Amino acid sequence: MSKKSSLGRGLDALLARPAAEATGPQVQTLKIDRIVQAAYQPRQVFESGALAELAQSIREKGVLQPLLVRPRGDAFEIVAGERRWRASQLAGLTELPVIIRDLADRDALEIAIVENLQREDLGPLEEARAYQALLDHGLNQEGVAQAVGKGRSTVANALRLLSLPAPALGALEAGEISAGHARAILAQPEGDRLWALEQIRARSLNVRESEGLKREARTPQPVKVNPPRAYRQVELDLSRRTGTRVKIIGADKGRVELNYASREELDRILELLGYSAE
């Protein structure tokens, strides 16, 4: 039976000092060059302007919240606090306050996701990919929802975004469409999803207008069936024998067409076929 996660209670609960450390120091100082980037980071985009503002705040007031790290060989991998680590490098710091925890991969992943969800607004695809990463680590959707303190329907709706066609995924990641637009695209039949994306872009539709998109039924075009290869050879043979174009239409049932350009040519073809008028 899988363990019950307590991560939905909030980040403060995650960072609380374990009972075994109640009398010992919790916050330590590490050289910044001993701290390495997380193997998995839910946030893929770090806005340069916001990092610059945080760096200026760190220059003035220092790092107010320690990073959470875990041992990785001779280094320490960031579990929570990558923005502070990046901004501290911009600010020129050489040391950082940290809390060291020996965490399993899934626990580290859950904590990283919770921190990003609670302290920063993840993009819709970043959030969806974070949930998928938890699924890949053995949780089901209910377990993911419990771990991050979200409703199961919220998790399920976020994960559905990953099934968008590639052009729509790119548009969502670039901010050209919103998550609401993306859900409207997913509501379309699979064959109409790229059409819906084109309509949203070309007509600058809002979410409500996107939800009302409906493609008119298209009249199916007749499929042109080429005659079997053996009949093509027969057509060529008959054309050479009759001196005119011959066409065989159909397979097991059909008709044979012989073309003529004049009454004289028709009489000639009929004579070749052994027909004579009485």
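An unreviewed UniProt entry lists the chain under the name Chromosome 1-partitioning protein ParB, with Deinococcus metalli as the source organism. In its Sequence similarities (unreviewed entry) section, the UniProt record describing the chain reads: "Belongs to the ParB family."

A. Quick peek at the pairing of strand β4 (residues 75–80). In terms of burial, β4 is largely enclosed, as six of its six residues are buried. Here two bridges tie strand β2 (residues 35–36) to β4, and the two strands are oriented parallel to one another. Bridge pairing in β4 links Ile-35 to Phe-76. Hairpin connection, strand β3 (residues 67–72) to β4: the antiparallel pair is bridged by two residues, and Gly-73 has positive phi, about 65 degrees.

B. The arrangement of the packing of helix α9 (residues 179–186) against helix α10 (residues 193–203) in detail. One way to put it is that α9 packs onto α10 with a least axis distance of 9 Å and a crossing angle of 145 degrees. Both α9 and α10 take part in a crossing whose hand is right-handed. For the pair formed by α9 and α10, the contact residues are His-181, Ile-185 and Leu-186 on the first element and Arg-193, Ala-196, Leu-197 and Ile-200 on the second. When grouped by side-chain class, the residues that make up the contact of α9 with α10 number five nonpolar, one polar and one charged.

C. Inspection of the side chain of Ser-88 at higher detail. Structurally, the position occupied by Ser-88 is in helix α3 (residues 82–91). When its relative accessible area of 0% is taken as the criterion, Ser-88 is described as buried. Polar contacts involving the side chain of Ser-88 include one to the main-chain carbonyl oxygen of Arg-84, which spans 2.6 Å. Beyond its immediate stretch of four places on either side in the chain, Ser-88 contacts Ile-32, Ile-58, Val-63, Leu-93 and Leu-96.

D. Representation of the pattern of salt bridges. Going through the model one piece at a time under the given rule, you end up with 14 salt bridges. In this structure, the salt-bridge partner of Glu-77 is Arg-70, at a minimum N-O distance of 2.9 Å. Judged by its relative accessible area of 8%, Glu-77 is buried. The class for Arg-70 is buried, based on a relative accessible area of 4%. Salt-bridge contacts for Asp-105 lead to Arg-70; the nearest nitrogen and oxygen are separated by 3.0 Å. In this pair, Asp-105 sits in helix α4 (residues 105–119) while Arg-70 sits in strand β3, placing the two residues 35 residues apart along the sequence. Taken together, the shared-partner salt bridges connect Arg-70, Arg-72, Glu-77 and Asp-105 into one network.

E. Inspection of the side chain of Glu-82 at higher detail. With respect to the secondary-structure elements, Glu-82 resides in helix α3. Glu-82 sits in the buried class, given a relative accessible area of 2%. One polar contact links Glu-82 to Gln-37, side chain to side chain, over a distance of 3.0 Å.

F. Broad picture of the packing of helix α2 (residues 48–61) against α3. One way to put it is that α2 packs onto α3 with a least axis distance of 8 Å and a crossing angle of 70 degrees. For the element pair α2 / α3, the angle class is roughly perpendicular. Regarding α2 and α3, the two cross each other, and that crossing is right-handed. Within the contact between the two elements, α2 uses Ala-50, Leu-51, Ala-52, Leu-54, Ala-55, Ile-58 and Arg-59 and α3 uses Arg-83, Arg-84, Arg-86, Ala-87, Ser-88, Leu-90 and Ala-91. Across the contact of α2 with α3, the residue classes break down as nine nonpolar, one polar and four charged.

Rules and cut-offs
- Residues numbered from 1 in each chain as written.
- Predicted model: local features only at pLDDT ≥ 70, side-chain atom pairs only at ≥ 80, totals over all residues.
- Heavy atoms only, no water.
- UniProt positions renumbered as here; feature names shortened; annotations may be inferred.
- Buried < 20%, exposed > 50% of the residue type's maximum accessible area, 1.4 Å probe, protein only.
- Helix = DSSP H or I, 4+ residues; strand = E, 2+ residues; numbered from the N terminus.
- Pairing = 2+ DSSP bridges.
- Axes fitted to C-alpha atoms, helices over the stretch in contact; angles between N-to-C directions.
- Left-handed = near helix turned anticlockwise from the far one by under 90°.
- Contact = heavy atoms within 4.5 Å.
- Nonpolar A, V, L, I, M, F, W, Y, C, P; charged D, E, K, R; others polar.
- Polar contact = N/O pair within 3.5 Å; in protein donor to acceptor, adjacent residues only side chain to side chain.
- Salt bridge = Lys/Arg side-chain N within 4 Å of Asp/Glu carboxyl O.
- Parallel < 35°, antiparallel > 145°, perpendicular 65-115°, else oblique.

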